[in-house]
Amino acid sequence: MPKKKKTKKKYIFVVGGVMSGVGKGVTTSSIGRIMQSRGLSVTAIKVDPYINVDAGTMNPTEHGECFVLADGDETDQDMGNYERFLGVELSRLHYMTTGRVYQSVIEKERNLDYEGKCVQVVPHIPLEIISRIEKASRTAKADVTVVEVGGTVGEYENILFLEAARMMKQKSPDDVLTVLVSYVPMPNKIGEMKTKPTQHASRTLNSAGLQADIIVARSEVPMDDVRKEKIAQFCSVSSQSVISAPDVESIYHVPLNFEKAGLSDILLKKLSLKARKRDMKDWIDFATKVQKAEKTLSIAIVGKYFATGDFVLSDAYISVIEAIKHASIAGGFKPQIEWLDSSVYEKDQKLLKELDSYDGIVVPGGFGTRGIEGKILVARYCRENKIPYFGLCYGMQIAVVEFARSVLKLEDAHTVEMKSEPLHRIIDIMPEQKKKIARGDYGGSMRLGNYETVLAPGSLARSAYKSDTAIERHRHRYEVNPEYIDELEAGGLVFSGKSPNGSLMEIMELPISKHPFYLATQFHPELISWPLKPHPLFVKFIAVLGKQSSKSRK
Ligand code: GLN
């Protein structure tokens, strides 16, 4: 049999111009999705220019959510977008930071892997970056690998990553493309879209040795042909390669808008790739449902990572928001999400009454002491007033503490994360974690990534999953203290998910005869919810809210 000709691997680098935060991650994910819809195998890589080895040690208020992969890697929230849009699980091979790249170059140097050569920033750092990109692409058996370079062009920080892209392009000009995602402002007073910042960004990219093949022009409203021509002319691209990307109601519409502009055809042509006819049916169905959903569900997320200066930063909980949306849309609902700061209830418990007006409450993951007593009050209020409560990680730990205090009457019950020597250490440090903290070993050292949970027969959790077991992603240092489990269960708390050896409590719930939905998980179900595959626990939560809205409770 004649040997099948191996198709060459293709790479699309996505870089930012003008300013950050204009949607490079969604562009990367959407490019991946449209190429996938042409029958190609696609993967994505995120490059973060920080010295941090991973995102685990960064403050979510500044950096947004820390997204945990199945293998436990603590990464940037964009990795979550890639998984959600592409419907694939990614591994640590798909995430790199400057720190991670340098760390491995230094390790190799210490191992004499460079055989006595002088190890230099250039070319050894870009070469390490290239070898990582190629390895991720090979391992994923990807025809097309989309690489998002964090930051914007012109910064010191990402220059070596751009150099890696340049070197790859120089070696295989037909296999590497650059997409510049640029911002096109429309200042109020001027009333016209200004292309100059994009022209500058394109020139800055040129000075790094790269020419944009495609320019995705982010703006508030669609861009007209006059502006497109101008960008084309001054940035040396064809006008078809200037893709207008106006603000959209839902990020899930972005791939569809790209396809309206024929982007996958343009990319395929530039990369000399043959592909199948477009098949985006599933995605179109989902995006249509987003628009059609009419009945509103009001859901409050009670947390603390909200305020940064005068602004509310919901990025810290992006996966929670998306998971709520996926399940709501699947059920035909439109979620209306509000942010509640738990610390206000500590000052005035009467304010808890406002929880009555929500269909459901979510208490997401968190760390540290601020606002925790407020969250405990919320857990109690929801339990006593039968308000649907869904706790995620810290949201489970505080619910168990609350139960111990109110139902078992262990008034001094607490988590040792909050109080070092409570009388009742209901949530205790995991023994392994104790050793790590004693060594000052904080980075990448929690219980991270995939672990199995065995689900109890007859439980709400089991009925949601429709399965005996589940595999879920984790990120925590503390756990329910095994010494209190019998007492908690005797008091009426159900641990409906446990680790296979029965030692770690993974899910707690109240029986449905006592409460319509009071369930919390030690893991983070939100991390594996995808638009085309909403998470079963969120689906159940939304289904209960749909049946029993705040109005019918009254
Ligand atoms: N702070 C808690 C712990 O480390 C919960 C972590 C989380 O919510 N991700 O166990």
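Not measured: the values here are computed from a predicted model.

Student: Any details on the overall build of the protein chain? Residues and values, ideally.
Tutor: Counting its regular elements, the protein chain contains 20 helices and 23 strands. For the protein chain, whose C-alpha radius of gyration is 25 Å, the value lies close to the compact-globule estimate of 24 Å for 554 residues. Judged by the C-alpha coordinates and their principal axes, the protein chain covers about 70 × 60 × 60 Å. Expressed as a percentage of the 554 residues in the protein chain, the buried residues total 57%. Within the protein chain, residue pairs in contact and separated by at least 24 positions form 73% of the contacts whose partners lie at least 6 positions apart. For the protein chain, the accessible area works out to roughly 24200 Å², and carbon and sulfur atoms hold 53% of it. Taking the average location of the 76 positive side-chain charges in the protein chain and that of its 69 negative ones, the two points are 6 Å from each other.

Student: Describe the environment of Gly444, listing the residues and the values that go with them.
Tutor: Along the chain, Gly444 turns up in the loop between α16 (431-438) and β18 (447-455). Counting along the chain gives 371 residues from Gly444 to Asp73, while the straight-line C-alpha distance between them is 7.4 Å. Each residue touching Gly444, except ones within four places of it in the same chain, is listed here: Asp54 and Glu74.

Student: Please set out the sheet that holds strand β7 (residues 176-183) residue by residue, giving values where relevant.
Tutor: An order of β5-β2-β6-β1-β7-β8-β9 is seen for the seven strands of this open sheet, with the pairing classed as parallel. The outermost strands of the open sheet, each flanked by one partner alone, are β5 (95-97) and β9 (242-246). In this sheet, neighbouring strand axes are inclined to one another by 20° on average, regardless of whether the strands run parallel or antiparallel. Pairing geometry for strand β1 (residues 10-16) and strand β6 (residues 144-152), over six bridges, is parallel. The residue of β6 that forms the bridge with Tyr11 is Thr145. Here helix α3 (residues 77-86) sits on the sheet in contact with β2 (42-48), β5 and β6, set at roughly 170° to β2.

Student: Describe the environment of Leu271, and please don't skip the residues or the numbers.
Tutor: Here Leu271 lies in the loop between α10 (263-270) and α11 (281-292). With 157 residues separating them in the primary sequence, Leu271 and Tyr114 have C-alpha atoms 34 Å apart. Contact partners of Leu271, with chain neighbours within four places excluded, come to Lys10, Ile12, Met35, Asp174, Asp175, Val176 and Leu177.

Student: Please provide a residue-by-residue account of the site of the ligand, values included.
Tutor: As a matter of local geometry, the ligand sits amid Gly365, Gly366, Phe367, Cys393, Tyr394, Gln397, Glu417, Arg475, His476, Arg477, Tyr478 and His524. Contacts to the ligand include Arg475, whose backbone N or O atom sits 3.0 Å from a nitrogen atom. Bound to the protein, the ligand loses 99% of the 300 Å² it would expose on its own. Elements with a contribution of two residues or more to the shell around the ligand: α15 (394-406) and β19 (469-476).

Student: Now, about the pattern of salt bridges: what can you tell me, with residues and values included?
Tutor: What the rule picks out here adds up to 37 salt bridges. Between Asp73 and Arg100 there is a salt bridge, with the nearest N and O atoms lying 2.8 Å from each other. Taken as a pair, Asp73 in the loop between β3 (66-68) and β4 (74-76) and Arg100 in helix α4 (residues 98-110) lie far apart in primary sequence, 27 residues in all. Relative accessible area serves as the criterion here: at 2%, Asp73 is assigned to the buried category. Residue class for Arg100 comes out buried when judged on its relative accessible area of 9%. Of the charged contacts, one joins Arg380 and Glu384 as a salt bridge, the two residues approaching to 3.8 Å between their closest N and O atoms. Of this pair, Arg380 and Glu384 both sit in helix α14 (residues 372-384), four residues apart, roughly one helical turn.

Cut-off values and rules
Residues numbered from 1 in each chain as written. Predicted model: local features only at pLDDT ≥ 70, side-chain atom pairs only at ≥ 80, totals over all residues. Heavy atoms only, no water. Helix = DSSP H or I, 4+ residues; strand = E, 2+ residues; numbered from the N terminus. Rg over C-alpha atoms; globule rule 2.2 N^0.38 Å. Buried < 20%, exposed > 50% of the residue type's maximum accessible area, 1.4 Å probe, protein only. Contact = heavy atoms within 4.5 Å. Areas by Shrake-Rupley, 256 points an atom, 1.4 Å probe, with all protein chains shown as cover. Lys, Arg positive; Asp, Glu negative; His and termini not counted. Charge placed at Lys NZ, Arg CZ, Asp CG, Glu CD. Pairing = 2+ DSSP bridges. Axes fitted to C-alpha atoms, helices over the stretch in contact; angles between N-to-C directions. Near = heavy atom within 4 Å. Polar contact = N/O pair within 3.5 Å; in protein donor to acceptor, adjacent residues only side chain to side chain. Salt bridge = Lys/Arg side-chain N within 4 Å of Asp/Glu carboxyl O.

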